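# Analysis of the macromolecular model
Each chain, letter by letter, is given below.
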Amino acid sequence: MEVHASAPGKAILCGEHAVVYGLPAIAIPLSGIRARAIGKASADTLTIFAEDLGQAPLRIVGDEYDRANPLSLMAGLTAKLVGAASMSGEIRIRSELPIASGLGSGAAVSAALGRAVAQLYGAEIPDEDLNRIVFEVEKLHHGTPSGIDNTVVVYEKPVYFRRDAALEVITIRSGLRIVLADTGVASLTRDAVADVRALARKAPKRTGRIFDEIGTIVAEARDCIERGSLDRLGALMTANHELLQALTVSSPELDSLVDAAMKAGALGAKLSGGGRGGNIIALCAEDSLCDVKDSLLAAGSKQVLVNGAGHGSRDDDSD
Ligand code: MEV
C-alpha cells in the first residue's frame, strides 16, 4: 500500500521580517505549487529519497534520527508523536518548489513528510500538532523563525499571523491574481534574518520605526483584502517593498523585477519572503496579467508563475 501526502508553497503578501519582531504579517498558500511525499512500508529502516532537494538517500535506523538534519528530525518527531517505537518504510519526496527562493519549500517538504510518516503508521496528525513539529524543523532552516511559514503551509489558508497569537484566517473578498517571478538567485532566509537582527542592534530606533510602518501597512492590507480594495492593496505592497529595501533585504535583481512589474501595469509589487534573492510577487488586475508576465520574463526572471488565491479551492491554477 502506498501513502500520498502533500503541502503547498506560500507567499508572504506583506509583513515579512517585521513579523519576527512581533508585528503582524499576511501570507497565502500557493496551492498549485506543492511538495509531495509518497511512502510505502518496508522492513527495518526508514529511507527518505529527496533527489529534488539535491540530497542523497537518508537512512534512519530504529529511532535514531539526526536532530541536525531537517528531514531526519521531521521524521523522528512525527514517529514519536504517533507512538512509533522504531521507524521503517520508504518515502520519496517530490517538490515543485524551488529551494531558498522565499516560497516556503522547507516548511512544505516538512509538512508533506510528516503527513506521510504518520500515514505509514496508520495515523493522521491534527494540523495543530503538525504545525508545532514543522516549526521545530523551521528552526534548523531559519534560526529564529516567526512561525508564519509553517502556519500557512500546514493550514493551507490565507492567514493574518502574529507571533504567539491565535491563528486568524482571512477571507479574501475578490480573488487575488498574484504573479510570482523568480530572480533565480538562491538566498538563505536565515542569513537575511540575521542581517536584519544586526541592523536592529546597530540602529534600534530607525529599525523599530520601519517595523512599525510595516505593521501599519499590514493592518490596512488586511482591511483591503477583506473589502476587495485591490488598487489600495497594491499600493501598500509597493510601499512595503520600499521598507524592505530600507531593511537591506532587497537586491538589484529583486528591484529590477519589481520595476518591470510596475511598468507593465501591476497594481503593486514587492519581494516576498526572506529577500536578497528568491521571488517577487506582483498583484495584477486581469487585463494586465499577460503584460506583467511578459515584462518579468524580459527583465530576466527565471520562472514566472500565476497563482489565483482566494477562489476557495486547493487547486488554484499555476502555470
Ligand atoms: C520568511 O518566509 C519570512 C521571514 O519573516 C522570516 C520569518 O518570519 O520567520 C523573513
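Residues numbered from 1 in each chain as written. Predicted model: local features only at pLDDT ≥ 70, side-chain atom pairs only at ≥ 80, totals over all residues. Heavy atoms only, no water.

## With respect to the overall build of the chain
Quick note on the threshold: Helix numbering and strand numbering both begin at the N terminus, where a helix is a DSSP run of H or I of at least 4 residues and a strand a DSSP run of E of at least 2. We compute the radius of gyration over the C-alpha atoms and compare it with the globule rule, which gives 2.2 Å times the number of residues raised to the power 0.38. A simple rule labels every residue: compare its accessible area, found with a 1.4 Å probe on the protein chains alone, to the largest value its type can have, and call it buried under 20%, exposed over 50%, or partly exposed in between. Computed with a 1.4 Å probe, the accessible areas rest on the Shrake-Rupley method; for each residue, only the protein chains presented here act as cover. In this count, Lys and Arg are taken as positive residues and Asp and Glu as negative ones, while His and the chain termini are left out. By convention, charge coordinates are those of NZ in Lys, CZ in Arg, CG in Asp, or CD in Glu.
A count of helices and strands for the chain gives nine helices and eleven strands. Over its C-alpha atoms the chain spans a radius of gyration of 19 Å, differing by no more than 12% from the 20 Å that the globule rule assigns to 319 residues. Taken along the three principal axes of its C-alpha coordinates, the chain extends 60 × 45 × 35 Å. Split into buried and exposed, the 319 residues of the chain put 56% on the buried side. Of the roughly 13000 Å² of accessible surface on the chain, a fraction of 49% belongs to carbon and sulfur atoms. A distance of 5 Å separates the average location of the 33 positive side-chain charges in the chain from that of its 41 negative side-chain charges.

## Examining the domain arrangement of the chain
Where we set the bar: Boundaries between domains were set according to an automatic or database domain assignment. Two residues form a contact once any of their heavy atoms are found within 4.5 Å. Buried area adds together the accessible area that both of two parts lose upon being put together, with accessible area traced by a 1.4 Å probe. Here a salt bridge means any side-chain nitrogen of Lys or Arg lying within 4 Å of a carboxyl oxygen belonging to Asp or Glu.
Taken domain by domain, the chain consists of domain 1 (2–168) and domain 2 (173–307). Look at where the C-alpha atoms of domain 1 and domain 2 centre, and you get two points 25 Å apart. Across the contact, 33 residues belong to domain 1 and 38 residues belong to domain 2. Contact between domain 1 and domain 2 buries roughly 2700 Å² in total, counting both sides, with carbon and sulfur atoms accounting for 64%. Together, L13, H17 and Y21 form the three largest contributors to the area buried by domain 1 at its contact with domain 2, with a combined 25%. At the surface where domain 1 touches domain 2, the tally comes to two salt bridges.

## So, the site of the ligand
Filter applied, for reference: The criterion for a residue being near a molecule or strand is simple. One of its heavy atoms has to lie within 4 Å of it. Distance and chemistry together define a polar contact, namely a pair of N or O atoms within 3.5 Å, with one atom able to donate a hydrogen and the other to accept it when in protein, and with adjacent residues in sequence counting only for side-chain atoms on both sides. Any residue with an atom within 4 Å of a point lines the site, the site being either a cavity, points on a 1 Å grid over the protein atoms alone where a 1.4 Å probe fits but cannot get out, or a pocket, an open set with protein on both sides within 12 Å along at least 5 of 7 lines. Those molecules having more than half of their atoms within 2 Å of a cavity or pocket grid point set are described as sitting in that cavity or pocket. By the convention adopted, Pro, Cys, Tyr, Trp, Phe, Met, Ile, Leu, Val and Ala count as nonpolar, Lys, Arg, Asp and Glu as charged, and the other residues, Gly among them, as polar.
Around the ligand lies a shell of 15 residues, among which K10, H17, P145, S146 and D149 are the nearest. A distance of 2.8 Å separates an oxygen atom of the ligand from a polar backbone atom of H17. A total of 290 Å² of accessible area belongs to the ligand in isolation, and the protein chains cover 99% of it. Applying the majority rule of atoms within 2 Å of the grid points places the ligand in the largest pocket. Split into classes, the residues belonging to the shell around the ligand amount to six nonpolar, six polar and three charged. Residue contributions to the shell around the ligand reach at least three from each of two domains, namely domain 1 (2–168) and domain 2 (173–307).

## A few points about the pattern of salt bridges
If you walk through the whole model with that rule in mind, you get 16 salt bridges. Note that K139 is salt-bridged to E136, the shortest N-O span being 3.1 Å. On the criterion of helical spacing, the pair formed by K139 and E136 is a turn pair, its members being three residues apart in helix α3 (residues 127–142). A salt bridge links D223 to R227; its shortest N-O distance comes to 3.1 Å. Placement of both D223 and R227 in helix α6 (residues 204–227) is noted, with a separation of four residues, approximately one turn of the helix.

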